[in-house]
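The primary structure of each chain is shown beneath.
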Amino acid sequence: MKKVDLIVTAPYIYTMKGEGVGYEEKKALVVDGSKIIDIVDIDKLSDQYEAEEQLDMSHHILLPGFIDAHMHTSCNIMRGLAQDTNNWMMYGLQPFDNAATQAEKDIGCPVALIEAAKAGTTTMGDYEANMDASCNFIAKLGTRGNVTLMIRSAKRKVYKPGELYEFDDTMGEASLNANIALYDKWHGYDGGRMKVLFGPQGADFVSPELLLKIQKIAKERHTKIHMHTQQGDRETYQIEQRYGKRPTQFLQDLNFLDSTLIAVHLTDCTDEEAQIIARSGAGMIVCPGSIGIIDGIVPPSTAFQEAGGKVALGSDQAPGNNCHNIISEMKSVALFNKIKYTNPEVLPAWRALRMATIEGAQALGLDDTIGSLEVGKCADFIAIDYMHPSMLPIYTYPMRNMVPNIVYSARGEEVVLSVVNGKIVMKDRKLVNVDEMEYMSKMNDCPDDIGKRAADEFFAINGTNAQFMREEKL
């Protein structure tokens, strides 16, 4: 009999192995160190293994941990301040982003990560101009990080529609050097639990020369580029005015489209442009909730998939999307594409679940280690309690309804257990490595000060929400 670190038993397991969801019944997940070493029938378990800790999840479903591929957690301090407005970045977010200090943003960051972890996210794809608070908290929390530092040459100010960004090459080089320093400090941390990517904010925010320099550095370090790509008509306008091309064509001519790139949003791409990017070998991240609220658009992730590309899900940021909950994104990506194509068979629940797990891992180049429950992969998994109003009843024949219930009905509180690299991160819905209230209690110290500093610019811009305030609609 072999002694191991952890055994988890459950009546239902979705391994995500193969082309479907890898359904298994009455199995035990056997973990030693950071890896899954076996998946065995429960009735054969006692003959083969003895565990340091055994968890009998008698009314639960085991799944790979969810991947949130694209987050901006420092924006969390501005949750709910930039919805329902055109020109979201400049007229919605910018007055508050200009007013908030880095210290205040650092207070909001851990709460966003807590929210994600409690809804089943085990891999955090954070992307910020300053990543110290995020990396330190992810390390403490115990989840996996796939993090990026934002590289930007465009000066930070409120630009009027049609105004070209002003570049500061010194600022761009400084942010690239900061990304390199982040890579040197965190990449490979804790047996590979933290990976660092390179993050030009977008092709419109840096020069072509800097884009190519970033690409060379990323390839030399065998990592990825995580970049907003043709993310809106404002980017398309900027690239067309500077270079006379749409962004996809510009990047293709620059030889920037390849498997090193993880392209975020593609909001302003045509289906044909999305297919060009997919066929280049790049991955895609779609953030349906955020882009739906910010732009009222359904990005072409289905066209990307039809061209053979792999797509991950992201929650983006709280001033736009309002939440960091991948279960919400699974539902949104399925519903929005059904509505877009007026076809209820488009993007079924099982495909949305794959986008949150194994397909997401493939899009990010992480599928050799996470995304499915298979022998030899890292032990990153969650347990969902099906004795919960949103999950009941459970059918197994003639149809299993657990995947549709997770995607279309669950809210996040059904997740009761999270394990990353073989270590328990959350048990009985309590995060084991951090005091949640310690971080959440600090949040309400900031809004008064940020609001006072942002008010003049907010009302001077006179965006939709300023009008709503004057009309007492908020």
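These numbers were taken from a predicted model, which means no experiment stands behind them. (Residues numbered from 1 in each chain as written. Predicted model: local features only at pLDDT ≥ 70, side-chain atom pairs only at ≥ 80, totals over all residues. Heavy atoms only, no water.)

Turning next to the overall build of the chain. Within the chain one finds 19 helices and 17 strands. Here the chain has a C-alpha radius of gyration of 22 Å; the compact-globule value for 474 residues is 23 Å, and the two agree. Principal axes of the C-alpha set define a box for the chain whose edges measure 70 × 50 × 50 Å. Here the chain holds 474 residues, and 58% of them are scored as buried. (Helix = DSSP H or I, 4+ residues; strand = E, 2+ residues; numbered from the N terminus. Rg over C-alpha atoms; globule rule 2.2 N^0.38 Å. Buried < 20%, exposed > 50% of the residue type's maximum accessible area, 1.4 Å probe, protein only.)

All right, on to the environment of Tyr395 then. Along the polypeptide, Tyr395 turns up in the loop between β14 (381-385) and α16 (402-408). Residue Tyr395 is classed as partly exposed on the basis of its relative accessible area of 47%. Each residue touching Tyr395, except ones within four places of it in the same chain, is listed here: Arg400, Asn401 and Met402. (Contact = heavy atoms within 4.5 Å.)

So, about unusual backbone geometry. Look at the link from Leu392 to Pro393: it is a cis peptide, with omega at -5°. Within the fold, Pro393 resides in the loop between β14 and α16. Between Tyr397 and Pro398 the backbone carries a cis peptide bond, its omega angle lying at 0°. Tracing the backbone through its elements, the reader meets Pro398 in the loop between β14 and α16.

The full count for this structure, using the stated rule, is two cavities of 30 Å³ or more. Volume-wise, the largest cavity comes out at about 50 Å³. A per-element tally of the lining of the largest cavity places helix α19 (residues 464-470) first, with three residues. Class assignment for the residues of the lining of the largest cavity results in four nonpolar, five polar and no charged. In this structure, the second largest cavity encloses a volume near 30 Å³. Taken together, Ser74, Gln102, Asp106, Cys109, Glu128, Asn130, Ala133 and Ser134 form the lining of the second largest cavity. Elements represented by at least two residues in the lining of the second largest cavity include exactly α3 (102-118) and α4 (132-141). When its residues are assigned to classes, the lining of the second largest cavity shows two nonpolar, four polar and two charged. (1 Å grid on protein atoms, 1.4 Å probe; cavity = no way out; pocket = protein on both sides within 12 Å on 5 of 7 lines; lining within 4 Å. Points joined across faces, edges and corners; volume = space filled by probe spheres on them. Nonpolar A, V, L, I, M, F, W, Y, C, P; charged D, E, K, R; others polar.)

Attention now moves to helix α14 (residues 349-356). With six of eight residues buried, α14 lies mostly within the body of the structure. When we look at burial in α14, the residues that qualify are Ala349, Ala352, Leu353, Arg354, Met355 and Ala356.

This paragraph deals with the pairing of strand β2 (residues 23-32). Along any regular strand, the residues point their side chains to alternate faces of the sheet. By the bridge criterion, eight bridges tie strand β1 (residues 2-14) to β2 in an arrangement that is antiparallel. Residue Leu6 lies in a different strand from β2, and its bridge partner there is Val31. In the sheet, β2 pairs with strand β3 (residues 35-41) via six bridges, with the strands oriented antiparallel. Across the sheet, Asp32 pairs through a bridge with Lys35, a residue of β3. Two successive antiparallel strands, β2 and β3, enclose a turn made up of two residues, where Gly33 displays a positive phi of approximately 65°. (Pairing = 2+ DSSP bridges.)

What follows deals with the packing of helix α2 (residues 88-99) against helix α18 (residues 447-461). Relative orientation of the contacting elements α2 and α18 amounts to 150°, with a least axis distance of 8 Å. Here α2 and α18 pass one another in a crossing that is right-handed. Here Met90, Tyr91, Gln94, Pro95, Phe96, Asn98 and Ala99 of α2 come into contact with α18, specifically with Ile450, Arg453, Ala454, Glu457, Phe458 and Ile461. Counted by class, the contact of α2 with α18 contains nine nonpolar, two polar and two charged residues. (Axes fitted to C-alpha atoms, helices over the stretch in contact; angles between N-to-C directions. Left-handed = near helix turned anticlockwise from the far one by under 90°.)

With that settled, consider the pairing of strand β9 (residues 194-200). Counted residue by residue, β9 has six buried out of seven residues, so it is predominantly covered. Across seven bridges, strand β8 (residues 144-151) lies against β9 in parallel orientation. What sits directly across from Thr148, in β9, is Leu197.

When you line up the elements, Glu128 lands in strand β7 (residues 121-128). Buried charge Glu128 goes without a salt bridge, the closest partner of opposite sign being Lys105 at 6.7 Å. Here Thr73 takes part through its backbone nitrogen, which lies 2.7 Å from a polar atom of the side chain of Glu128. Once residues lying within four places of it in the same chain are set aside, the contact partners of Glu128 are His72, Thr73, Ser74, Cys75, Thr148, Leu149 and Met150. (Lys, Arg positive; Asp, Glu negative; His and termini not counted. Salt bridge = Lys/Arg side-chain N within 4 Å of Asp/Glu carboxyl O. Polar contact = N/O pair within 3.5 Å; in protein donor to acceptor, adjacent residues only side chain to side chain.)

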